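Here's the letter readout for the chains.
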Amino acid sequence: MNTYYIETYGCQMNVYDSEIIAAILQSEGLEEVDTPEKADLVLLNTCSVRDLAEQKIHTRLGQLRVIQESTNPDMKMGVVGCMAQNLKKDILRKKPYVNFILGPDSYRHLPAILKSGNIPKRVIDTRLSSLELYDGLFPARHEGINAWISISRGCDKFCTYCIVPYTRGRERSRKPESILEEAKRAVQKGFVEITLLGQNVNSYRSSTGGFPNLLRQLATIEGLLRIRYTSPHPQDVSDDLIAVHKDLNPRVCNHIHLPLQSGSNAVLNAMNRTYTREHYLKLVEKIRTAVPDMAITTDMIVGFPGETEKDYEDTLDIMKQVRFDAAFMFKYSPRPGTKAAKMDDDVPDDEKSDRLNRLIRLQYEHTLEKNRFLIGKEVEILVEKESKKRSSDMMGRTSTNKIVVFPALHYKPKDLITRTITDAQGVTLMSREL
């Protein structure tokens, strides 16, 4: 085997895992190619969080089978990641041309599989590990602005709708020395921003302290302009974490993604979220008192089993109180293997769609309101790349993770600039010449 090709689906953690896999393959002498037609080995790094993601993988495997039969008969295929962990029996039964299936804790076994000569017809390793953190392995990254860095793996929260604890195992934290070394290597390679990843980053624990202490250590790295993270759990956000945002602004960015999921206490309890709407509102007040310009974003699920119109109205009410800068919003879909999948999915799909559309419209109003508030104000922007719409423009992000489009002028990627906001168009800020 000489070449490989990886397709990544799902969250940022999967992007990070693909970079780890690439580093392993490159250490075995394989070179990356840009299409599956050129590859000896094709890997799909998969996601099981939502049903749509799984459907995409099944469709893509069928397309790859056509490529294999028509143009690349020696191509070997592997399914790795969360879907491999969760649906291995389904893949075994329906996709006999898939050569191996590896769960998220089994990537170190790739060299042994490759060295077995011709890859055996079926290799399956989906064992979860309470120890695997991929410490000592440094991702193979392409050049860029932001580097994803995993600080922990797995989850102990067991929200009733979520498959992650079953596909990624129990929570465990990396050693701070390994994280710091990876961040320094990323800066040496030209990255100027890092985003720390974990299912619940603020549950991070080490012998030298918790998550706030890790942020303070990372902030001392010379050449690192910005630090982001995703996602904290509202139950675990501490006064120390809020103090880090206040003390280390703008190095630690003024943005916190704080998944709420529902504004109804009854639904939050059914989801096993372990906090109430009252706790969440007090937390938001505490954050905004300490850091007034903090951007707060969230996740929302509508149509969870048992959600009444009153429960949904509670969600609309809390959104009106908080006025999030942005939100990721979804209709509930049951994931096999979760506790919620055993509940009566009693909200009709058309009602879920209506509730979602109403939620999206409300959030659009709040996002536009938040963005228009910035018109006339100066903001610090990290320049990223040429704008998609006009080559004479560039785009970048504020510390609050808002996209800004501005004239290219003499700017180049990785510049940290200050400009005045002149307009707000939907989710995008504009900074034209005054």
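Look a little higher up for the structure.
Counting from 1, residues in each chain are numbered in the order their sequence is written. Only residues with pLDDT of at least 70 are given local features in this predicted model, and only at 80 or more are side-chain atom pairs given and counted; all residues enter the totals for whole chains, interfaces and linings. In computing side-chain values, all of the structure's heavy atoms are included and hydrogens and water are not.

A. Looking closely at the packing of aromatic side chains. Between 30 and 60 degrees the pair is tilted, below 30 it is stacked and above 60 it is edge-to-face, where a pair is any two Phe, Tyr or Trp rings, Trp via its six-membered ring, whose centres lie within 6.5 Å. Counted by the stated rule, this structure contains 8 aromatic pairs. Ring centres 5.1 Å apart and planes at 70° place the aromatic pair phenylalanine 304 and tyrosine 332 in the edge-to-face group. In this pair, phenylalanine 304 is assigned in the loop between strand S15 (295–302) and helix H12 (309–322) and tyrosine 332 in the loop between strand S16 (326–331) and helix H13 (349–372), connecting sequence segments 28 residues apart. Tyrosine 332 shares its class with phenylalanine 304; the two are buried. Secondary structure elements are taken from DSSP: a helix is a run of H or I of four residues or more, a strand is a run of E of two residues or more, and numbering for both begins at the N terminus. Burial classes follow relative accessibility: with a 1.4 Å probe on protein chains only, a residue under 20% of its type's maximum area counts as buried, one over 50% as exposed, and anything between as partly exposed.

B. The pattern of salt bridges, seen in detail. Salt bridge, as used here: a side-chain nitrogen of Lys or Arg that lies within 4 Å of a carboxyl oxygen of Asp or Glu. Applying the stated criterion across every chain, the model contains 39 salt bridges. When the shortest N-O distance is used, the salt bridge between lysine 38 and aspartate 34 registers 2.9 Å. A relative accessible area of 49% means that lysine 38 is categorised as partly exposed. A residue is classified by how much of its surface remains accessible, and aspartate 34, at 55% relative accessible area, is exposed. Salt bridges sharing partners connect three or more residues here, namely Glu307, Glu309, Glu313, Glu351, Asp354, Arg355 and Arg358.

C. Spatial organisation of H13. Counted at 1.5 Å a residue, the expected span for H13 with its 24 residues is 34 Å, and the 34 Å between its end C-alpha atoms agrees. Every buried residue belonging to H13 is among Lys352, Arg355, Leu356, Leu359, Leu362, Gln363, His366, Thr367, Leu368 and Asn371, and all of these are buried. Looking at the buried residues of H13, the elements they touch are S15, H12, S16, strand S21 (423–425) and strand S22 (428–430). Under the convention used throughout, the expected extent of a helix is 1.5 Å for every residue step, that is, one less than its residue count. Whether two residues are in contact is decided by their heavy atoms, any of which lying within 4.5 Å being enough.

D. The arrangement of the environment of aspartate 344 in detail. Position of aspartate 344 relative to the elements: it lies in the loop between S16 and H13. For aspartate 344, a relative accessible area of 59% corresponds to the exposed category. With 39 residues separating them along the chain, aspartate 344 and proline 305 place their C-alpha atoms 6.0 Å apart. The contact partners of aspartate 344, leaving out residues within four places of it in the chain, are Pro305 and Gly306.

E. Structural context of the sheet that holds strand S5 (residues 100–102). The strand order S2-S1-S3-S4-S5-S6 describes an open sheet built from 6 strands, whose pairing is parallel. Every other strand in the sheet has two partners, leaving strand S2 (31–32) and strand S6 (123–125) as the edge strands with one partner each. Each of strand S1 (3–8), strand S3 (41–46) and strand S4 (76–81) is contacted by helix H1 (residues 12–27), which is oriented at about 175° to S1, the strand it contacts most. One bridge is not enough; two strands pair if DSSP finds at least two bridges between them. Axis angles are defined between N-to-C directions and span 0 to 180 degrees, where every axis is a line fitted to C-alpha atoms and, for a helix, only to the segment in contact.

F. Quick look at the sheet that holds strand S14 (residues 255–257). As summarised here, the arrangement of the 3 strands in space is S14-S15-S16, forming an open sheet in which the pairing is parallel. The sheet is open, and its two edges are formed by S14 and S16, each paired on a single side. The average undirected angle you get between the axes of adjacent strands in this sheet is 10°. With 3 bridges connecting them, S14 and S15 associate as parallel partners. Directly across from histidine 255, in S15, lies its bridge partner alanine 295. Across the sheet, H13 is in contact with S15 and S16; its angle to S16 comes to roughly 175°.

G. Seen up close, the pairing of S16. Examined bridge by bridge, S15 and S16 share 6 bridges and lie parallel to one another. Bridge pairing in S16 links threonine 297 to alanine 326.

H. Representation of H12 within the structure. Taking 1.5 Å as the rise per residue, H12 with 14 residues should run 20 Å; its terminal C-alpha atoms sit 20 Å apart, in good agreement. Of all the positions in H12, only Asp311, Tyr312, Asp314, Thr315, Leu316, Ile318, Met319 and Val322 are classed as buried. Where H12 is buried, its residues meet helix H10 (265–271), helix H11 (277–290), S15 and H13. Just past H12, the residue arginine 323 takes up positive phi, approximately 55°.

I. A look at the packing of helix H9 (residues 239–247) against H11. In contact at an axis separation of 9 Å, H9 and H11 are set at 30° when each is read in the N-to-C sense. As summarised for this structure, H9 and H11 are arranged roughly parallel, according to the angle between their axes. Here H9 runs over H11; the crossing is right-handed. Counted together, Asp239, Ile242 and Lys246 of H9 and Leu283, Lys286, Ile287 and Ala290 of H11 form the full contact between these two elements. Per-class residue counts for the contact of H9 with H11 are 4 nonpolar, no polar and 3 charged. For classification, angles of less than 35 degrees are called roughly parallel, those exceeding 145 degrees roughly antiparallel, those between 65 and 115 degrees roughly perpendicular, and all remaining angles oblique. Crossings are sorted by hand: turned counterclockwise from the far helix by less than a right angle, the near helix makes the crossing left-handed, and turned clockwise it makes it right-handed. Think of it as three bins: nonpolar holds Ala, Val, Leu, Ile, Met, Phe, Trp, Tyr, Cys and Pro, charged holds Asp, Glu, Lys and Arg, and polar takes everything else, Gly as well.

J. Representation of unusual backbone geometry in the model. The amide bond that connects threonine 230 to the next residue, serine 231, takes the cis arrangement and shows omega of -5°. Each neighbour pair has its own omega, and for asparagine 249 with proline 250 the value is 10°, a cis peptide bond. Unusually for a residue other than glycine, asparagine 272 sits at a positive phi of about 60°. By the element assignment, asparagine 272 lies in the loop between H10 and H11. Phi at threonine 274 takes a positive value of approximately 70°, unusual for a residue other than glycine. Secondary-structure assignment places threonine 274 in the loop between H10 and H11. Among the residues examined, threonine 274 registers a relative accessible area of 47% and is labelled partly exposed.

All quantities given are derived from atomic positions and should not be read as evidence of function.
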